[in-house]
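# Overview (structure and organization)
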Amino acid sequence: MTQLILASSSASRLRLLKSVGINPIVMVSGVDEDAKEFDSLLPAELVMALAILKAHTVKNSAPEGSIIIGCDSTFEFNGKSLGKPG
């Protein structure tokens, strides 16, 4: 059986998936979202980079053949990332 992995500690993402009958295994990546390497990225680039990095980080610990969902979000204003939405 294929396992669905959510590479996120977001309670709201987990709640959303469960509300439509999807019960993933949560595996938190531990990615440092505040690392200086991300400072130069535009908000859209930032969330894509973090989502990909989270999924790839979790991949090494996930059961073989798993489907991994990597996600990220930010609050953007005037082209600048202001952090996670409240």
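### As for unusual backbone geometry
Although it is not a glycine, Asn78 sits at a positive phi angle of roughly 55°. One can find Asn78 in the loop between strand 4 (76-77) and strand 5 (80-81). For Asn78, a relative accessible area of 69% translates into the label exposed.

### Concerning the pattern of salt bridges
Scanning the entire structure with this criterion turns up two salt bridges. Across the salt bridge formed by Glu33 and Lys54, the nearest N and O atoms sit 3.1 Å from each other. Taken as a pair, Glu33 in the loop between strand 2 (25-26) and helix 2 (43-59) and Lys54 in helix 2 lie far apart in primary sequence, 21 residues in all. On the basis of relative accessible area, Lys54 is assigned to the buried category, the value being 6%. Lys54 is paired through a salt bridge with Asp72; the nearest N and O atoms lie 2.8 Å apart.

### Focus on the environment of Ile5
Along the chain, Ile5 falls in strand 1 (residues 4-7). Exposure remark for Ile5: the relative accessible area of 0% places this residue in the buried category. Residues Ile5 and Met27, spaced 22 residues apart in sequence, show a C-alpha to C-alpha distance of 6.6 Å. Every residue in contact with Ile5, bar those within four places of it in the chain, is listed here: Pro24, Ile25, Met27, Val58, Ala62, Pro63, Ser66, Ile67, Ile68 and Ile69.

### What about the sheet that holds strand 3 (residues 67-70)?
Within the open sheet, the three strands sit side by side as 2-1-3. Their pairing is parallel. Looking along the sheet, the strands with just one partner apiece sit at the ends: strand 2 and strand 3. Relative to strand 2, strand 1 runs parallel, the two sharing two bridges. Bridge pairing in strand 2 links Ile5 to Ile25. Seen against the sheet, helix 2 touches strand 1 and strand 3 and runs at an angle of roughly 145° to strand 3.

Rules behind the numbers
Residues numbered from 1 in each chain as written. Predicted model: local features only at pLDDT ≥ 70, side-chain atom pairs only at ≥ 80, totals over all residues. Heavy atoms only, no water. Helix = DSSP H or I, 4+ residues; strand = E, 2+ residues; numbered from the N terminus. Buried < 20%, exposed > 50% of the residue type's maximum accessible area, 1.4 Å probe, protein only. Salt bridge = Lys/Arg side-chain N within 4 Å of Asp/Glu carboxyl O. Contact = heavy atoms within 4.5 Å. Pairing = 2+ DSSP bridges. Axes fitted to C-alpha atoms, helices over the stretch in contact; angles between N-to-C directions.

The analysis is restricted to geometry; functional conclusions fall outside its scope.
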